[in-house]
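# Examination of the molecular architecture
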Amino acid sequence: EGKIIMTKQYRQALGEVCIELPGGCVEKGEAFEEAIKRELLEETGYEFDEIKALGKISANPSTNTNLMHMFLATGGRKTKEQLLDLNEEIDVFEISFDELKQLIDENKIMQSMHLSTIYYALRSLGKLNYK
């Protein structure tokens, strides 16, 4: 329906509630595609028709060894309630592409790796103009 699913949750390191993309960690022995499907369902209650790999990025390859694998999930529908960990409190909301661009313009999305993922997703969807 042309909407983007976003989350809000408190981030201890910053001491504030952050607007982010849903996602999470891969369990031992789990494929990346299965991990993102599981994390999306747990955090948002949504299932998706298609999961497309967008690549991987590093927050800082000079100091960090972890990589973030980016995915674009499309054809979403809410099928369940959230299944959060005891220490999680995540608000889920939908926004339009224009609202997403406004959040970016207003510097409201603080997680740099999520901004990178948004860039790759918008590029994949043909929503970026290079002018």
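So, here is what we can say about the structure in this document. Each residue is numbered by its place in its chain's sequence as written, counting from 1. Restriction of local features to residues with pLDDT of at least 70 applies here, the model being predicted, together with a cutoff of 80 or more for giving and counting side-chain atom pairs; totals for whole chains, interfaces and linings are based on all residues. By convention in this description, side-chain values take in all heavy atoms of the structure and omit both hydrogens and water.

## A look at the state of the cysteines
- In what follows, a disulfide is any cysteine sulfur pair within 2.5 Å. Taken as a whole and judged by the stated rule, the model has zero disulfides.
- Distance from the sulfur of Cys-18, which forms no disulfide, to the nearest cysteine sulfur (Cys-25) is 16 Å.

## Some details on the sheet that holds strand β2 (residues 16-20)
- By the convention used here, strands pair only if DSSP detects at least 2 bridges between them. Helix numbering and strand numbering both begin at the N terminus, where a helix is a DSSP run of H or I of at least 4 residues and a strand a DSSP run of E of at least 2. Across the sheet, three strands lie side by side as β2-β1-β7; this open sheet has antiparallel pairing. The sheet terminates laterally at β2 and β7 (91-96), the two strands that pair on one side only. In this sheet, adjacent strand axes meet at a mean angle of 30° when their direction is disregarded.
- Judged from the six bridges that link them, strand β1 (residues 3-11) and β7 form a sheet pairing that is antiparallel. Residue pairing in the sheet places Ile-4 in a bridge with Ile-95 of β7. Angles run from 0 to 180 degrees between N-to-C directions of axes, and those axes are lines fitted to C-alpha atoms, restricted for helices to the stretch in contact.

## Considering the pattern of salt bridges
- Here, a salt bridge means any side-chain nitrogen of Lys or Arg that lies within 4 Å of a carboxyl oxygen of Asp or Glu. Scanning the entire structure with this criterion turns up eight salt bridges.
- Glu-20 is the salt-bridge partner of Arg-11, the closest N and O atoms lying 2.7 Å from each other.
- Note on Arg-11: relative accessible area 34%, which makes it partly exposed.
- The exposure class assigned to Glu-20 is buried, which follows from its relative accessible area of 4%.
- In this structure, Glu-39 and Arg-38 form a salt bridge, with 3.2 Å as the shortest nitrogen-oxygen distance.
- Each of Glu-27, Glu-30, Arg-38, Glu-39 and Glu-42 takes part in salt bridges that share partners, so that together they form one network. Working definition: with a 1.4 Å probe on protein chains only, accessible area under 20% of the residue-type maximum means buried, over 50% means exposed, and in between means partly exposed.

## Focus: the packing of aromatic side chains
- Between 30 and 60 degrees the pair is tilted, below 30 it is stacked and above 60 it is edge-to-face, where a pair is any two Phe, Tyr or Trp rings, Trp via its six-membered ring, whose centres lie within 6.5 Å. Enumeration according to the criterion identifies two aromatic pairs in this entry.
- Aromatic pair Tyr-46 and Phe-48: ring centres 6.4 Å apart, planes at 25°, arrangement stacked.
- Summarising the aromatic geometry, the rings of Tyr-119 and Tyr-120 are spaced 5.3 Å apart at their centres and angled 80° between planes, so their arrangement reads as edge-to-face.
- Overall, Tyr-120 belongs to the partly exposed group, its relative accessible area being 29%.

## Some remarks on helix α1 (residues 32-44)
- Compared with an ideal rise of 1.5 Å per residue, which puts 13 residues at 18 Å, α1 spans 18 Å between its outermost C-alpha atoms and is within 8% of the ideal.
- Those residues of α1 not exposed but buried are Ala-35, Ile-36, Glu-39, Leu-40, Glu-43 and Thr-44. For α1, the arc enclosing every buried residue in end-on projection is 130°, short of the 170-degree limit, so these residues lie on one face.
- On its buried face, α1 is in contact with β1, β3 (46-47), β4 (50-57), β5 (68-74), β6 (77-78) and β7.
- A positive backbone phi angle near 85° is found at Gly-45, which sits one or two residues after α1. Helix span is expected to be 1.5 Å times the residue number reduced by one. Each C-beta atom gives one direction from the helix axis, and the arc is the one those directions make. The criterion used for residue contact is that any of the two residues' heavy atoms lie within 4.5 Å.

## Considerations on the nonpolar core
- If you look at the biggest cluster of nonpolar residues, it comprises 11 residues: Ile-4, Met-6, Ile-19, Leu-21, Ile-95, Phe-97, Leu-100, Leu-103, Ile-109, Ile-118 and Leu-122.
- Apart from residues no more than four positions distant in its own chain, Ile-118 is found in contact with Leu-21, Leu-100, Ile-104 and Ile-109. The term nonpolar core refers to a set of buried residues drawn from Ala, Val, Leu, Ile, Met, Phe, Trp, Tyr and Cys, joined through side-chain atoms within 4.5 Å.

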